[in-house]
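A structural walkthrough
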Amino acid sequence: MPSDKARENKALVATCAACNKPASTEVMVSLTGRENGKPKAFVVCDVCANKGWRPPGFAGVYAIRPE
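Residues numbered from 1 in each chain as written. Predicted model: local features only at pLDDT ≥ 70, side-chain atom pairs only at ≥ 80, totals over all residues. Heavy atoms only, no water.

Once that is clear, we can look at unusual backbone geometry. Of note in the backbone geometry, Asn20 takes a positive phi value of approximately 60° without being a glycine. Relative to the assigned elements, Asn20 resides in the loop between strand S1 (13-15) and strand S2 (22-24). Look at Asn20 and you get exposed, because its relative accessible area is 58%. The phi angle at Asn36 is positive, at roughly 55°, despite the residue not being glycine. Considering the arrangement of structural elements, one finds Asn36 in the loop between strand S3 (28-35) and strand S4 (38-45). Given a relative accessible area of 75%, Asn36 falls into the exposed group. (Helix = DSSP H or I, 4+ residues; strand = E, 2+ residues; numbered from the N terminus. Buried < 20%, exposed > 50% of the residue type's maximum accessible area, 1.4 Å probe, protein only.)

On to the side chain of Asn50, then. Residue position: Asn50 is located in helix H2 (residues 46-50). Of the polar contacts made by the side chain of Asn50, one reaches the side chain of Tyr62; its length is 3.2 Å. (Polar contact = N/O pair within 3.5 Å; in protein donor to acceptor, adjacent residues only side chain to side chain.)

A general feature of soluble globular proteins is that nonpolar side chains tend to end up buried together. If you look at the biggest cluster of nonpolar residues, it comprises twelve residues: Ala14, Cys16, Ala23, Met28, Val29, Leu31, Phe42, Val44, Cys45, Cys48, Ala49 and Tyr62. Going through the elements one at a time, S3, S4 and H2 are the ones with two or more residues in this core. Excluding anything up to four places from it in sequence, Cys48 contacts Cys16, Ala18, Cys19 and Trp53. (Core = buried A, V, L, I, M, F, W, Y, C linked by side-chain atoms within 4.5 Å. Contact = heavy atoms within 4.5 Å.)

Evaluated as defined, the whole model comprises one salt bridge. A salt bridge links Lys40 to Glu35; its shortest N-O distance comes to 3.5 Å. (Salt bridge = Lys/Arg side-chain N within 4 Å of Asp/Glu carboxyl O.)

A separate point is the pairing of S3. Pairing between S3 and S4: eight bridges, direction antiparallel. Across the sheet, residue Glu35 finds its bridge partner in S4, namely Lys38. Connecting the antiparallel pair S3 and S4 is a turn made up of two residues, with Asn36 showing a positive phi of about 55°. (Pairing = 2+ DSSP bridges.)

In structure tokens, the structure reads:
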């Protein structure tokens, strides 16, 4: 869990690769897929990941996180 200081830091924001919405890194997950045949990390919000969005070439297992 992030510290209180990290929670208050508005700079800790990432854009979801699935829905293109900015969100706190606290509610994001990184899923490894492939782009041009090379591994690449895709940052996705918990909502999109829990709905089943996976990056191209994803071959792992993702356990749904409670929201």
